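So you can see what is in the structure, the chains are spelled out below.
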Amino acid sequence: MDIGKPRKLGKTIDEIEEGESLSVTESIEDNQLLLYLGLTNDANPLYIQHDYARQTAYERPIVPSIMLMGIVTSAISKHLPGPGSHVVNFSVNFVEPVYHYETLTFEFEVIKVDKMKDVITISVEAVNTENDRVLDAVVMVQPPILIDESEETNE
């Protein structure tokens, strides 16, 4: 589907350097949680029911792990490398639970640029406002690959 105006591509592999970084701060709000739970049809009471969560070791509702992964992939798609990039591998550790209404800061750093495979590796760490580490991840991303338009028109 072509909706008209061309979109800007993110950084290509030749434009990315090891050590490049990004910081993103996100607050987890009810509307985001309800949208996630509705879209995924995830009915786990641990994510939304306070009376249920009180019976668990968490004591209050927690944020779904996959929702946190979504914040990471969204930042990659929007910023580093940006539009046109594609996550090809994702390894994550959820160090501590994340509770509703928490504000998290995600620190991204390019730790490897592999031009032979057209993939970059990004290290991600997230902390809450108490500076407790809640997430560690390593994400392999294929940056946008430009098509040489002169080759495309010769076909």
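Residues numbered from 1 in each chain as written. Predicted model: local features only at pLDDT ≥ 70, side-chain atom pairs only at ≥ 80, totals over all residues. Heavy atoms only, no water.

As annotated in an unreviewed UniProt entry, the chain is MaoC family protein from Candidatus Enterococcus lowellii.

Caption draft 1: Just the nonpolar core, in detail. Counting 37 residues, the largest nonpolar core has Phe-106, Phe-108, Ile-122, Val-124 and Leu-135 as the members making the most contacts within it. Every element with two or more residues in this core is listed here: strand E1 (21-27), helix H1 (30-40), helix H3 (65-78), strand E3 (103-114), strand E4 (119-127) and strand E5 (133-142). For this core, the leading source of residues is H3, giving six residues. Beyond its immediate sequence surroundings of up to four residues, Leu-135 is in contact with Leu-68, Val-72, Val-92, Asn-93, Phe-94, Val-95, Val-124, Glu-125 and Ala-126. (Core = buried A, V, L, I, M, F, W, Y, C linked by side-chain atoms within 4.5 Å. Buried < 20%, exposed > 50% of the residue type's maximum accessible area, 1.4 Å probe, protein only. Helix = DSSP H or I, 4+ residues; strand = E, 2+ residues; numbered from the N terminus. Contact = heavy atoms within 4.5 Å.)

Caption draft 2: Representation of the UniProt feature "domain: MaoC-like" (unreviewed entry) in the chain within the structure. Those residues carrying the UniProt feature "domain: MaoC-like" (unreviewed entry) are residues 24-126 in this numbering. For the annotated span residues 24-126, helix accounts for 28% and strand for 32% of the residues, and the straight-line distance between the end C-alpha atoms is 9 Å. (UniProt positions renumbered as here; feature names shortened; annotations may be inferred.)

Caption draft 3: Examining the sheet that holds E4 more closely. Spatial ordering of the open sheet is given by E1-E3-E4-E5-E2, a layout of five strands whose pairing is antiparallel. Each edge of the sheet is formed by a strand with only one pairing partner; in this case those strands are E1 and strand E2 (86-94). Strand-to-strand, the axes of this sheet are offset by a mean angle of 20°, without reference to chain direction. In this fold H3 packs onto E1, E2, E3, E4 and E5, with an angle of close to 140° to the strand it touches most, E2. (Pairing = 2+ DSSP bridges. Axes fitted to C-alpha atoms, helices over the stretch in contact; angles between N-to-C directions.)

Caption draft 4: Spatial organisation of the packing of aromatic side chains. One pass over the full model with this rule turns up zero aromatic pairs. The ring of Tyr-99 has Arg-60 sitting right over it, with the charged end atom 3.8 Å from the ring centre. (Phe/Tyr/Trp six-rings, centres within 6.5 Å; stacked < 30°, edge-to-face > 60°. Lys NZ or Arg CZ within 6 Å of the ring centre and 35° of its normal.)

Caption draft 5: Representation of the pattern of salt bridges within the structure. All chains considered together, the criterion is met by three salt bridges. Across the salt bridge formed by Asp-14 and Lys-115, the nearest N and O atoms sit 3.5 Å from each other. Pair noted here: Asp-14 is in the segment before E1 and Lys-115 is in the loop between E3 and E4, with a separation of 101 residues, a long-range link. On the basis of relative accessible area, Lys-115 is assigned to the partly exposed category, the value being 49%. (Salt bridge = Lys/Arg side-chain N within 4 Å of Asp/Glu carboxyl O.)

Caption draft 6: Structural context of the environment of His-50. Among the structural elements, His-50 can be located in helix H2 (residues 50-53). Residue His-50 is classed as partly exposed on the basis of its relative accessible area, which comes to 44%. Counting along the chain gives ten residues from His-50 to Arg-60, while the straight-line C-alpha distance between them is 5.6 Å.

Caption draft 7: Structural context of H1. Of all the positions in H1, only Leu-33, Tyr-36 and Leu-37 are classed as buried. Viewed end-on, H1 has its buried residues packed into an arc of 95°, placing them on one side of the element. What points out from H1, more than 90 degrees from its buried face, is the exposed set Asn-31, Leu-34, Leu-35, Gly-38 and Leu-39. Where H1 is buried, its residues contact H3. Note on H1: the residue one or two positions beyond its end, Asn-41, has a positive phi of about 60°. (Arc of directions from axis to C-beta.)

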